[in-house]
Amino acid sequence: MPSSSSGVLVRRILREAGIGLALLVMVLFFAAVAPSFTTHENIANILTQITINLILATGMTFAILVGGIDLSVGAVMALCAVIAGTVLKQDSLSDPEAIGLGILASLLVGMACGGLNGFVSSFWGIPAFIVTLGMLNIARGGALEVTNARTIYDFPDPFNAFGTMSLLGVPVMFLLALALLGIGWLVLTRTVFGRMIYAIGNNEEAVRLSGHRPLVTKVLAFTVTGLFVGIAAIVYMTRLTIANPILGIGFELNAIAAVIIGGTSLSGGRGSLVGTLLGAAIIGVLANGLILMGVSDFFRQIVTGVVIILAVILDSYRARLSLRG
Amino acid sequence: MDRRTFLTGCAAGGALALAPGLASAQTKKPVIGLVMKSLANEFFKDMQEGAVKHAQERGDLTLLPLGIQSETDIDGQIALVENLITKKVDAIVIAPADSRALIAPIARAVKAGIKVVNIDVRFDPASMRKHHIDIVFVGPDNRAGAKMSGDVLAKALGAGGKVVIIEGNPGAENGVQRKLGYMDAIAQGKLDLLDSRTAHWETEEANTVFSNMLTAHQDIQGVMAANDSMALGVVKAIEAAGRKGKIKVVSFDNIPAIQPLLQDGEVIATVDQFGAQLAGDGIDAAMQEIAGKSLTGWTKTELKLVTAPGS
């Protein structure tokens, strides 16, 4: 009998490769039908355009792996952005101080909202779906209240400059998202915290019976989701050069879609950030390529929906495969 | 990148074979990208269809109409502009989802030699100055339009008339301008403003919001709605409260669904901003710019007050 660990590895590579192959086919198709698709400028565009969703989806992967979900990320992102924006506009602060404190404020607000989501849902055993739906409204209302529905603008130039920076032709914001994904991957695969997330997602009761308390891990997992929302808010602000309380509407759905297309199971415990990266790339390539082809927006939405459903069908086959293995 | 180097090389070599290719490139029709807001909104859908028809009638350009998923999808609109820059279109006609956030990508388009015309919602002048661009705006004066509509209500009620405003999306520039126009009419007509709230341009929400207002203020005599969709919801609430004919409504947009209410006199005025022609006007301006004319400032488009036959 061949070593079972290499068998697992092969299966895992096949699983990842399936999504990778789908992405490759898509890229080749668009390259063939849309001449400007493969230009350097357009590839830089795609990387910029998937950055925000990639950051949000990386955070979302933590919430979903632990058996939860976070529907509040778009609204919390708006709350983070308007609070950071308010800090950035304090005249008493110098530019570096304002930028530093603004970023800090955004991260703290994101972590607080995420941590609260995790605590309420696991302490009282309420489905995360409901708790985060409540948080969605709290954060959106909070963002409107803070700003009185007004747009905040005119941030310091060095802050806005980040949104268009590039290194050797690659957008810096994408490199940041990639680095964050790498760190997240290390945490999930190489730390006790990461293994606990998978364990709870797989069988929370077993974790409890073995003498561990899932509560702390679950709260931390949701806090990580919130941290990534805080980071995404800052990056998004540098791209828009404004902050307003209605930004990020529906972003949670794109982030969840990227995670699911990437092969992470909605019931938790199974999936990886490599898949999330591929999932976000598929959504971004699809949107960009269909625009370049001149496909109508309504049809674009239909295609995205079909891809999500196909991904879940694929996932059900995979689940059966790993049960048998 | 490679292709450009190759072409430059050929041109430098004076390759005769390329001459016909160059000639046809010169006579090629200019490509104009039309960047709209949500095409799920009938107003923008009409505008887009008007633009496509207008482009066909002109016949001297290729139009690429593009829209975003929802009114608030600013990022999606920035992505559209970036993609059009990559496509190296000749001009962009844009109805911005935000009057400031779109300035940076539009400035990049201008830098790339693309002509830009702004329609529907005007770019923030201070932000334009910061980016050293001056883009022509082709569009209606929403404030003046709302003032015309509000004046009809002021005249109907007389000084001291008690009114409420149903606002559009908070932060949406045309919504802000329409509210200002209504406020102008209230100040001039010495009306009494009881309350002013948003219903996010939506019929259903306007129905709820106005019903609640009516509970709080039994003595409302008039309503100023920032668009017709919301006026529809307001009229339903008035009928449900059994106050039909006692509360007068003025509005904005002149959509088909408002016509029967105008006939009935439940809505006494609305304003037509000829949305279907707006993008066409923008395309005409873009073609002038491509021909070498430099346009700046505000080209005001037509507004028409539409009143109930009886009033």
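Enquirer: Help me get a handle on helix α2 (residues 40-65) of chain A, residues and values and all.
Expert: All names here are of chain A. Taking 1.5 Å per residue as the helical rise, α2 with its 26 residues ought to reach 38 Å, and the 35 Å between its terminal C-alpha atoms agrees with that figure. Remark: the principal bend of α2, roughly 40°, maps to T51. With 23 of its 26 residues buried, α2 lies for the most part within the structure. Among the residues trailing α2, G67 stands out with phi positive, at a value near 95°.

Enquirer: Break down the state of the cysteines for me, with residues and values.
Expert: Residue and element names in this part refer to chain A. Per the stated rule, a full pass over the model turns up 0 disulfides over all chains. The structure places no disulfide on C80, whose sulfur is separated from the nearest cysteine sulfur, that of C113, by 6.2 Å. On the accessibility criterion, C113 (10% relative accessible area) is buried.

Enquirer: So, the domain arrangement of chain B: which residues are in play, and what are the values?
Expert: Under the domain assignment used here, chain B contains domain 1 (29-140 + 275-301) and domain 2 (142-272). Computed from C-alpha atoms alone, the centre-to-centre distance between domain 1 of chain B and domain 2 of chain B is 30 Å.

Enquirer: Tell me about helix α3 (residues 42-58) of chain B, and please be specific about residues and values.
Expert: Residue and element names in this part refer to chain B. Compared with an ideal rise of 1.5 Å per residue, which puts 17 residues at 24 Å, α3 spans 24 Å between its outermost C-alpha atoms and is within 8% of the ideal. In the core, the buried residues of α3 are packed alongside β1 (31-38), β2 (62-68), β4 (115-119) and α12 (275-290). Where α3 ends, the next residue or the one after it, G59, has phi of about 70°, a positive value.

Enquirer: Outline the nonpolar core, supporting the account with residue identities and numerical values.
Expert: In terms of nonpolar packing, the biggest core is built from 117 residues, with L56, M77 and M237 of chain A together with I92 and I94 of chain B touching the most fellow members. Those residues in contact with L56 of chain A that lie beyond four places of it in its chain are V73, M77, V229, A232, F251 and A255 of chain A.

Enquirer: So, the packing of aromatic side chains: which residues are in play, and what are the values?
Expert: One pass over the structure, following the stated rule, counts 9 aromatic pairs over all chains. Note on F119 of chain A and W124 of chain A: the rings are 6.1 Å apart at their centroids and 85° apart in plane angle, and the pair reads as edge-to-face. Ring pairing ties together the aromatic residues F29, F30 and F37 of chain A, which thus form one cluster. Between the NZ or CZ atom of R100 of chain B and the centre of the ring of Y153 of chain A, over which it lies, the distance is 3.4 Å. Sitting over the ring of W298 of chain B, K300 of chain B keeps its end group 4.6 Å from the ring centre.

Enquirer: Hey, could you go over the sheet that holds β4 of chain B for me, with residue numbers and the actual values?
Expert: Residue and element names in this part refer to chain B. The parallel open sheet is built from 6 strands, whose spatial order is β2-β1-β3-β4-β5-β11. Edge positions in the open sheet fall to β2 and β11 (298-300), since each of these has one partner strand only. Between one strand and the next, the sheet's axes are offset by a mean angle of 20°, whatever the strand orientation. With 4 bridges connecting them, strand β3 (residues 91-94) and β4 associate as parallel partners. Across the sheet, the residue bridging to I92 is V116, located in β4.

Enquirer: With reference to specific residues and values, describe the packing of α3 of chain B against α12 of chain B.
Expert: All names here are of chain B. Contact geometry for α3 and α12: axes closest at 6 Å, N-to-C directions at 45°. Regarding the angle of α3 to α12, the classification is oblique. Between α3 and α12 lies a crossing of right-handed hand. Contacts from F43, D46, M47, G50, A51, H54 and R58 of α3 reach α12 at G275, A276, L278, A279, G280, I283, D284 and M287. Classifying every residue of the contact of α3 with α12 by side-chain character gives 8 nonpolar, 4 polar and 3 charged.

Analysis parameters
Residues numbered from 1 in each chain as written. Chains lettered and ligands numbered in written order. Predicted model: local features only at pLDDT ≥ 70, side-chain atom pairs only at ≥ 80, totals over all residues. Heavy atoms only, no water. Helix = DSSP H or I, 4+ residues; strand = E, 2+ residues; numbered from the N terminus. Expected span 1.5 Å × (residues − 1). Bend = angle between axes of the 7 residues up to and from the residue. Buried < 20%, exposed > 50% of the residue type's maximum accessible area, 1.4 Å probe, protein only. Disulfide = S-S within 2.5 Å. Domains from an automatic or database assignment. Contact = heavy atoms within 4.5 Å. Core = buried A, V, L, I, M, F, W, Y, C linked by side-chain atoms within 4.5 Å. Phe/Tyr/Trp six-rings, centres within 6.5 Å; stacked < 30°, edge-to-face > 60°. Lys NZ or Arg CZ within 6 Å of the ring centre and 35° of its normal. Pairing = 2+ DSSP bridges. Axes fitted to C-alpha atoms, helices over the stretch in contact; angles between N-to-C directions. Parallel < 35°, antiparallel > 145°, perpendicular 65-115°, else oblique. Left-handed = near helix turned anticlockwise from the far one by under 90°. Nonpolar A, V, L, I, M, F, W, Y, C, P; charged D, E, K, R; others polar.

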